[in-house]
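Commentary on secondary and tertiary structure
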Amino acid sequence: MTKKRRTLNTAVIGLGMGRGHLSDYAANPRAHPVAVCDIDTSRLKAMAEQHSIPQERCYTDYRKLLAGAKGLDLHAVSVALPNTLHAPVTIAALKAGLHVLCEKPMAMNAAQARRMLAAARKARRTLMINFSFRFQPASMALKRFVDDGRIGQVYYGRTVWHRRRGLPGFGGWFGTKALSGGGPIIDLGVHRMDLAMWLMGSPRPVTVTASTYNVIGARLAKEQRKTFDVEDLGAALVRFDNGATLILEASWAGFSEKREDMVTQLWGTKGGVIQRNVGEGYEFEARAYTEEAGALWERKLQQPVGRTPSACGEFVDAVLTGRRPIAPGEHGLDVQLILDAIYKSAATGREVRIART
Ligand SMILES: NC(=O)c1ccc[n+]([C@@H]2O[C@H](COP(=O)([O-])OP(=O)(O)OC[C@H]3O[C@@H](n4cnc5c(N)ncnc54)[C@H](O)[C@@H]3O)[C@@H](O)[C@H]2O)c1
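Residues numbered from 1 in each chain as written. Predicted model: local features only at pLDDT ≥ 70, side-chain atom pairs only at ≥ 80, totals over all residues. Heavy atoms only, no water.

Bringing the overall build of the protein into the picture now. Along its length, the protein carries 12 helices and 15 strands. What you see for the protein is a C-alpha radius of gyration of 21 Å, in line with the 21 Å of a compact globule of 357 residues. The buried share of the protein, taken over its 357 residues, is 54%. At a minimum sequence separation of 6, the contacts of the protein that also span at least 24 residues come to 69%. Put simply, the protein has 50 plus and 33 minus side-chain charges, and the middle of one group is 5 Å from the middle of the other. (Helix = DSSP H or I, 4+ residues; strand = E, 2+ residues; numbered from the N terminus. Rg over C-alpha atoms; globule rule 2.2 N^0.38 Å. Buried < 20%, exposed > 50% of the residue type's maximum accessible area, 1.4 Å probe, protein only. Contact = heavy atoms within 4.5 Å. Lys, Arg positive; Asp, Glu negative; His and termini not counted. Charge placed at Lys NZ, Arg CZ, Asp CG, Glu CD.)

All right, on to the site of the ligand then. Around the ligand sit 23 residues, and of these M17, D38, R43, N83 and H86 come closest. Taking M17, its main chain carries an N or O atom lying 2.6 Å from an oxygen atom of the ligand. In the model, an oxygen atom of the ligand is placed 3.2 Å from a nitrogen or oxygen of the L81 main chain. Protein chains bury 81% of the 840 Å² of accessible surface belonging to the ligand in isolation. Residue composition of the shell around the ligand, grouped by class: 10 nonpolar, seven polar and six charged. (Near = heavy atom within 4 Å. Polar contact = N/O pair within 3.5 Å; in protein donor to acceptor, adjacent residues only side chain to side chain. Areas by Shrake-Rupley, 256 points an atom, 1.4 Å probe, with all protein chains shown as cover. Nonpolar A, V, L, I, M, F, W, Y, C, P; charged D, E, K, R; others polar.)

For the rest of this paragraph, the subject is the nonpolar core. Of all hydrophobic cores here, the largest spans 108 residues; its most connected members are L65, L74, V77, L127, V208 and I338. If one sorts the elements of this core by residue count, helix 9 (residues 184-199) sits on top with 10 residues. In contact with L127, not counting residues within four places along its chain, are T90, V100, C102, M106, M116, L117, A120, A327, P328 and G329. (Core = buried A, V, L, I, M, F, W, Y, C linked by side-chain atoms within 4.5 Å.)

A few words now on the packing of aromatic side chains. Describing an aromatic ring pair means giving the distance of the ring centres and the angle of the ring planes. In total, this model carries seven aromatic pairs according to the counting rule given. Considering the side-chain rings of W161 and Y282, the 6.4 Å spacing of their centres and the 65° angle between planes classify their relative orientation as edge-to-face. With W161 in strand 7 (residues 154-163) and Y282 in the loop between strand 12 (271-277) and strand 13 (284-292), the pair connects residues that are 121 residues apart, well separated along the chain. Between F170 and F228, the aromatic rings sit 5.3 Å apart at their centres with planes inclined by 75°, giving edge-to-face as the arrangement. (Phe/Tyr/Trp six-rings, centres within 6.5 Å; stacked < 30°, edge-to-face > 60°.)

For the rest of this paragraph, the subject is the pattern of salt bridges. In total, this model carries 22 salt bridges according to the counting rule given. E298 is the salt-bridge partner of R287, the closest N and O atoms lying 3.3 Å from each other. With R287 in strand 13 and E298 in strand 14 (residues 295-300), the pair connects residues that are 11 residues apart, well separated along the chain. Measuring nitrogen to oxygen at the nearest pair gives 3.7 Å for the salt bridge that ties R324 to E330. On the basis of relative accessible area, E330 is assigned to the partly exposed category, the value being 27%. Each of R276, E285, R287, E298 and K300 takes part in one network of salt bridges that share partners. (Salt bridge = Lys/Arg side-chain N within 4 Å of Asp/Glu carboxyl O.)

The next thing to look at is the pairing of strand 5 (residues 99-103). Of all the five residues making up strand 5, five are buried; the element is thus mostly covered by neighbouring parts of the structure. Of the two faces of strand 5, the one lined by H99, L101 and E103 and the one lined by V100 and C102 are each fully buried. Inspection of the sheet shows strand 4 (residues 76-79) paired to strand 5 by four bridges, in the parallel sense. Its bridge partner lying in strand 5, V79 is registered against C102. (Pairing = 2+ DSSP bridges.)

To continue, consider helix 1 (residues 18-27). Within the sequence span of helix 1, burial applies to G18, H21, L22 and Y25. Seen along its axis, helix 1 keeps its buried residues to an arc of 100°; they face one direction. (Arc of directions from axis to C-beta.)

Our next topic: empty space enclosed by the protein. The tally for this structure, following the rule as stated, stands at one cavity of 30 Å³ or more. The space that makes up the largest cavity amounts to roughly 30 Å³. Taken together, R134, D194, M197, W198, S202, H331, D334 and V335 make up the full set of residues lining the largest cavity. Counting residues per element, the ones that place at least two in the lining of the largest cavity are helix 9 and helix 12 (329-348). The residue makeup of the lining of the largest cavity, split by class, is three nonpolar, two polar and three charged. (1 Å grid on protein atoms, 1.4 Å probe; cavity = no way out; pocket = protein on both sides within 12 Å on 5 of 7 lines; lining within 4 Å. Points joined across faces, edges and corners; volume = space filled by probe spheres on them.)

In structure tokens:
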């Protein structure tokens, strides 16, 4: 067990999305960002200056950072690297005795995710996945509503993230399968799949039928003579062991109505809920539909429902108090098993059965 601490000394590896982690730790009185790492020296310098991290605590090689963990009195790291690096860097950090907050998707595939979980168990360290959509007030409010039994047993759901045009720049890691593991299904779908499954109470996935397409991305990448070997749209039907069914749709490009469309809707035996973006932006609302006194009701859940934590705040609190975080590595593996099955089903044109974990 980790000895009781009041403050968690953290480092952030990867300073794209990782810049948000760094700001979050810096704003948290119970966290102290002590080091940063990125191969991009201009990003490294800018972040170090912004957060007053001395030059000797700036690393371009994560191995050197991890090797010096004791000297830095480092307790935890955020891994916010391209997907292909999540597993090797997370495992190395766990082996160095550090707690890890790893960005989504947990890994490139379930085999890697399993190795990450095994490393966390062996090292007896916390492994949390940044399923950031869980931490929005609208999601938290719905989680409480569903957990209170207000919609009964969920038997059907639809969870979606479509972008009319949201293709990443061609030639980078996002559109290269060997570096990303896939396109919008693993990048955007992972969030909406996780949110739906978390609200549903984490039922066990049993079978997946899916299709993926690369229509607009392939055409535009060809015109630019760049690599884009992942899907630009994917859809799946997932069946769970409790009889529930969930539809997932995700795209980076397509002729969809909204430019940015995020929806997670669940149908239960006593009611339903929806979490979606307002208009085409990044503000979210939560609504619930119930039957009371013989009439059908619709209510908008008011925000916020008290203070909701950020993912980094949740990670810090879970490590310092020695409790399981809201988004543990085990949930990352559950989603990863579905992602693997989606790509396999799309490639084979068949339904894929998910083996018991
Ligand atoms: N939770 C969310 O909402 C959310 C949002 C965006 C991205 N992400 C995830 O965060 C991860 C990073 O995505 P991004 O958008 O920041 O990508 P990015 O390409 O903008 O940033 C990645 C950073 O990692 C650095 N890097 C690459 N290889 C490295 C290495 N070997 N050692 C050290 N640094 C290295 C790059 O220089 C870059 O600064 C991805 O897994 C992505 O899915 C999550």
